[in-house]
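# Chains, contacts and geometry: an overview
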Amino acid sequence: MSNFIYPESEDVVARRIITHGSSGKRLKLSIEVELCDSDDEFDEWFLESIPEKIGIRPRSLWVNPLNMTRINDGEYVRICLPLRKYPERFFQYYRMTISTHDFILKSIKESITKHSPRTGISPGERLAVTIRYLSTGMSFESIAQSFLMDGYTVGNIVHEVCEKIYEHLSPVHMAVPSKQDFKLIAAEYNRLWNFPNCVGSLDGKDIRIKRPEESGSIVLQAVADAHYRFIFIDVGAYGKQSDGGIFAASTLSKFIDDRSNFPSDYPVMEGLDVRLPYCFLCDDAYPLKSNMMKPFSGRNLSAEQNIYNRRLSRARRCVECAFGILANKWRLFLKAIETKKENSTENIVKAACVLHNVVIDREGIDEKLLSAVVRKIQANESKNNSLKSGRRYNHSSNSAVLIRNCWMKYFSSPAGSVPS
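Residues numbered from 1 in each chain as written. Predicted model: local features only at pLDDT ≥ 70, side-chain atom pairs only at ≥ 80, totals over all residues. Heavy atoms only, no water.

## A closer look at the overall build of the protein chain
Scanning the protein chain for helices and strands turns up 15 helices and eight strands. The buried share among the 420 residues of the protein chain stands at 46%. Put simply, of all contacts in the protein chain between residues at least 6 apart along the chain, 64% involve residues at least 24 apart. Of the roughly 22,800 Å² that the protein chain leaves accessible, carbon and sulfur atoms contribute 49%. (Helix = DSSP H or I, 4+ residues; strand = E, 2+ residues; numbered from the N terminus. Buried < 20%, exposed > 50% of the residue type's maximum accessible area, 1.4 Å probe, protein only. Contact = heavy atoms within 4.5 Å. Areas by Shrake-Rupley, 256 points an atom, 1.4 Å probe, with all protein chains shown as cover.)

## A word on the pairing of strand β3 (residues 198-210)
Judged by how many residues are buried, β3 sits mostly within the fold: 10 of 13 residues are covered. In the sheet, β3 pairs with strand β6 (residues 279-281) via two bridges, with the strands oriented parallel. Note that in β6 the partner of Cys198 across the bridge is Cys279. Relative to strand β8 (residues 337-338), β3 is paired through two bridges, and the arrangement is parallel. When the sheet's bridge partners are listed, Ile209 is paired in β8 with Ile337. (Pairing = 2+ DSSP bridges.)

## Examining the packing of helix α5 (residues 98-112) against helix α6 (residues 123-136)
Contact geometry for α5 and α6: axes closest at 9 Å, N-to-C directions at 115°. Crossing of α5 against α6: the hand is right-handed. Taken together, the residues of α6 that come into contact with α5 (itself represented by His101, Ile104, Leu105, Ile108, Lys109 and Ile112) are Pro123, Gly124, Arg126 and Leu127. Classifying every residue of the contact of α5 with α6 gives six nonpolar, two polar and two charged. (Axes fitted to C-alpha atoms, helices over the stretch in contact; angles between N-to-C directions. Left-handed = near helix turned anticlockwise from the far one by under 90°. Nonpolar A, V, L, I, M, F, W, Y, C, P; charged D, E, K, R; others polar.)

## Focus: the confidence of the model for the protein chain
Per-residue confidence for the protein chain gives a mean pLDDT of 84; residues scoring 70 or more make up 76%. Every residue in residues 1-34 is under pLDDT 50, and counting partners more than four places away or in other chains gives 61 contacts. The model gives residues 386-390 a pLDDT under 50, and that stretch makes seven contacts with residues more than four places away or in other chains. (pLDDT = per-residue confidence, 0-100.)

## Describing the packing of aromatic side chains
All told, the structure shown has 20 aromatic pairs when counted by the stated rule. With 5.2 Å between their ring centres and 70° between their planes, Phe296 and Tyr308 make a pair best called edge-to-face. One end of the pair, Phe296, is in the loop between β7 (292-293) and α12 (303-329); the other, Tyr308, is in helix α12, with 12 residues separating them in the sequence. The rings of Phe195, Phe296, Tyr308, Trp407, Tyr410 and Phe411 are connected pair by pair, giving a single aromatic cluster. A cation over an aromatic ring shows up here: Lys350 above the ring of Tyr166, its NZ or CZ 4.4 Å from the ring centre. (Phe/Tyr/Trp six-rings, centres within 6.5 Å; stacked < 30°, edge-to-face > 60°. Lys NZ or Arg CZ within 6 Å of the ring centre and 35° of its normal.)

## Overview of α6
If you check α6, its first and last C-alpha atoms are 20 Å apart, about what 14 residues at 1.5 Å a residue would give, namely 20 Å. Taken residue by residue, α6 has Pro123, Gly124, Glu125, Arg126, Leu127, Ala128, Val129, Thr130, Ile131, Tyr133, Leu134 and Ser135 as its buried positions. Phi turns positive, to about 75°, at Gly137, one or two residues after α6. (Expected span 1.5 Å × (residues − 1).)

## Digging into the environment of Phe230
Within the secondary structure, Phe230 sits in strand β5 (residues 230-238). Those residues in contact with Phe230 that sit more than four places away from it in its chain are Met174, Ala222, Val223, Ala224, Ala322, Phe323, Leu326, Cys353, His356 and Asn357.

## Quick word on the side chain of Thr345
In this structure, Thr345 sits in helix α13 (residues 344-363). Beyond its immediate sequence surroundings of up to four residues, Thr345 is in contact with Ile209, Arg211, Ile218, Ile337 and Thr339.

Quick look at the structure:
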């Protein structure tokens, strides 16, 4: 504080130049002050009167008084921690076992730990907030009320934790398959679904979003293996486009078109004079390519075409089931995702897909959940004969048509028929 200027007489009003610093700016004000006999009196008057006169608001509290009881009364302390004594109820809350939860926390703990002079939010509580958001689809404000936090804080936690989940767990649980991996995937499709040389089933899912300035959807393009795991995902295209158009502009399309990514030593199939390439299975909204097989369209199909369609549909159901399991475990996908950050939705979707794989890798398939998903898919198929809107991608090369016909003939032959 500047030195006090004593007036020459009691009738003279003292003037002082006060320097006030705020947000890097220095503001000089000339303020008339009452006569003070000493610097101490002036200092006392200054602290009581000046902030109001020059528009300085009192410093706001870091934490809302209600939230100050979080470390004793918040949901994490009252519910999440005690649930570890009850594994079944823990699974209902977290959608995973205690072992899987601890594995995830250990994998990301260091990267989500915040160092603060205040009593910070622990990594375990950050993960609990994120899992609760994904598993229920509750709003940030609702979660904030139960965890005794600010809604803005909850939003930041979800965004950061989802980003770290994908960053640390995707290299292991959603790694890009090698050529040898593709051979193993194809072997499992043949063993479980009787479709040789299939290295994945492909589909798209609309993810509804709701932001303050807009509402709409983005598309999750995904490839699933024979065990309902995601082996590729592509997130971000807007849902107004067709699946085929979105796919054509995606990085996934470029990967599939690069034949060097796949094994070239195609296996020999009994009864065929040609070797059929490894392929992905898709629906009518996607293009027919030599390594992307889709069903025959139309009503007056031959018996051979119907057999091919049933075989393809049965194997392609893996990706539909993967989407169903994803949405029923992480119920956020049953509603519009509300977020204010542009890239937050993408991080949330990618994290949920990785968690989907982590749970399957460590715990296997939840057969009860899978059965419910299959029944729902079958019911939809019987009503609509398709989960799509009817938009078709009809541009095909002659080689792609020839390869599909070879598959058709193979499935109708004794060598390619489904074992009884």
